[in-house]
Amino acid sequence: ALRLTPRAGRDGLDGLVADAEGRVALQVRVAAPPVAGAANAALLAYLAKALKLRRSDIRIVSGETARLKIVALSGDGAALAARLAAWTEGATLRR
């Protein structure tokens, strides 16, 4: 899961965030506004670039109009796990 912040100063990973129930999600920000799917498109483009995937390998499973989203990645599971681990290495947890 990830939590998206639109209209940020720049695209990027802001670390990990925990909700009131203790569930942890990636905190991602994009510069695009949440209008006509622009923020979702920017999110998919950012994830594709950061994880070295094609945009067609990433899709939003749920949360199309919400800040909290579930995203599915297609590809080799072991390679994806390694890329995610490298990308999130050193990310701090915020509550």
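In what follows, the accompanying structure is described. (Residues numbered from 1 in each chain as written. Predicted model: local features only at pLDDT ≥ 70, side-chain atom pairs only at ≥ 80, totals over all residues. Heavy atoms only, no water.)

Two elements, strand 4 (residues 58-62) and strand 5 (residues 68-73), share four bridges in a ladder whose sense is antiparallel. Among the inter-strand pairings, Ser 62 is bridged to a residue of strand 5, identified as Ile 70. Connecting the antiparallel pair strand 4 and strand 5 is a turn made up of five residues, with Gly 63 showing a positive phi of about 90°. (Pairing = 2+ DSSP bridges. Helix = DSSP H or I, 4+ residues; strand = E, 2+ residues; numbered from the N terminus.)

This part covers the packing of aromatic side chains. Applying the stated criterion across every chain yields a total of one aromatic pair. With a centroid separation of 6.0 Å and 55° between ring planes, the pair formed by Tyr 46 and Trp 87 is classed as tilted. Taken as a pair, Tyr 46 in helix 1 (residues 38-51) and Trp 87 in helix 2 (residues 77-88) lie far apart in primary sequence, 41 residues in all. With a relative accessible area of 16%, Tyr 46 lands in the buried category. (Phe/Tyr/Trp six-rings, centres within 6.5 Å; stacked < 30°, edge-to-face > 60°. Buried < 20%, exposed > 50% of the residue type's maximum accessible area, 1.4 Å probe, protein only.)

Looking now at unusual backbone geometry. Even without a glycine there, the phi angle at Arg 7 is positive, about 55°. Of note, Arg 7 is situated in the loop between strand 1 (2-5) and strand 2 (12-18). Given a relative accessible area of 59%, Arg 7 falls into the exposed group. Phi at Lys 52 is positive, roughly 55°, even though this residue is not glycine. Here Lys 52 lies in the loop between helix 1 and strand 4.

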